[in-house]
Amino acid sequence: QLLNRQHASFQKNPMPSAGQRKAHLTRLASALKAARHRLAEAIDMDFNGRSRDETLLAEIFPSL
């Protein structure tokens, strides 16, 4: 069901403008910044003890 929704969304706008892409990336960056501590906690649980700083340096900051 999720894949079908993603496909339908892509079909509505398969080639977004540069402005739309920039807006999407800005929203993604904001979401990553807002969730960085929760993401670090989840990764810590996955790795059974990973430093928050390591996660920020290795996962979050490169994505931004």
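Residues numbered from 1 in each chain as written. Predicted model: local features only at pLDDT ≥ 70, side-chain atom pairs only at ≥ 80, totals over all residues. Heavy atoms only, no water.

A. Quick look at the pattern of salt bridges. A complete count under the given rule lists 2 salt bridges for this structure. The salt bridge involving Glu59 is made with Arg50; its shortest N-O contact spans 3.2 Å. (Salt bridge = Lys/Arg side-chain N within 4 Å of Asp/Glu carboxyl O.)

B. Here's a closer look at helix 3 (residues 52–63). Look at helix 3: 15 Å from first C-alpha to last across 12 residues, which is about the 16 Å you get at 1.5 Å a residue. Turning to helix 3, its buried residues number three or more, namely Thr55, Leu56 and Ile60. Seen end-on, helix 3 carries its buried residues on one side only, within an arc spanning 95°. Turned more than 90 degrees away from the buried face of helix 3, the exposed residues are Leu57 and Pro62. In the core, the buried residues of helix 3 are packed alongside helix 2 (18–47). Sitting at the head of helix 3, Ser51 places a side-chain oxygen 3.1 Å from the backbone nitrogen of Asp53. (Helix = DSSP H or I, 4+ residues; strand = E, 2+ residues; numbered from the N terminus. Expected span 1.5 Å × (residues − 1). Buried < 20%, exposed > 50% of the residue type's maximum accessible area, 1.4 Å probe, protein only. Arc of directions from axis to C-beta. Contact = heavy atoms within 4.5 Å. Polar contact = N/O pair within 3.5 Å; in protein donor to acceptor, adjacent residues only side chain to side chain.)

C. Just a nonpolar patch on the surface, in detail. On the surface, Leu57, Phe61 and Leu64 cluster together into a nonpolar patch covering about 320 Å² of accessible area. Inspection of the secondary structure puts Leu57 in helix 3. (Patch = residues over 30% accessible without salt bridge, like charges linked within 9 Å, V, L, I, M, F, W, Y side chains within 5 Å. Areas by Shrake-Rupley, 256 points an atom, 1.4 Å probe, with all protein chains shown as cover.)

D. Main features of unusual backbone geometry. Positioned with a positive phi, Asn48 is a non-glycine residue whose angle comes to about 60°. You can see Asn48 is positioned in the loop between helix 2 and helix 3.

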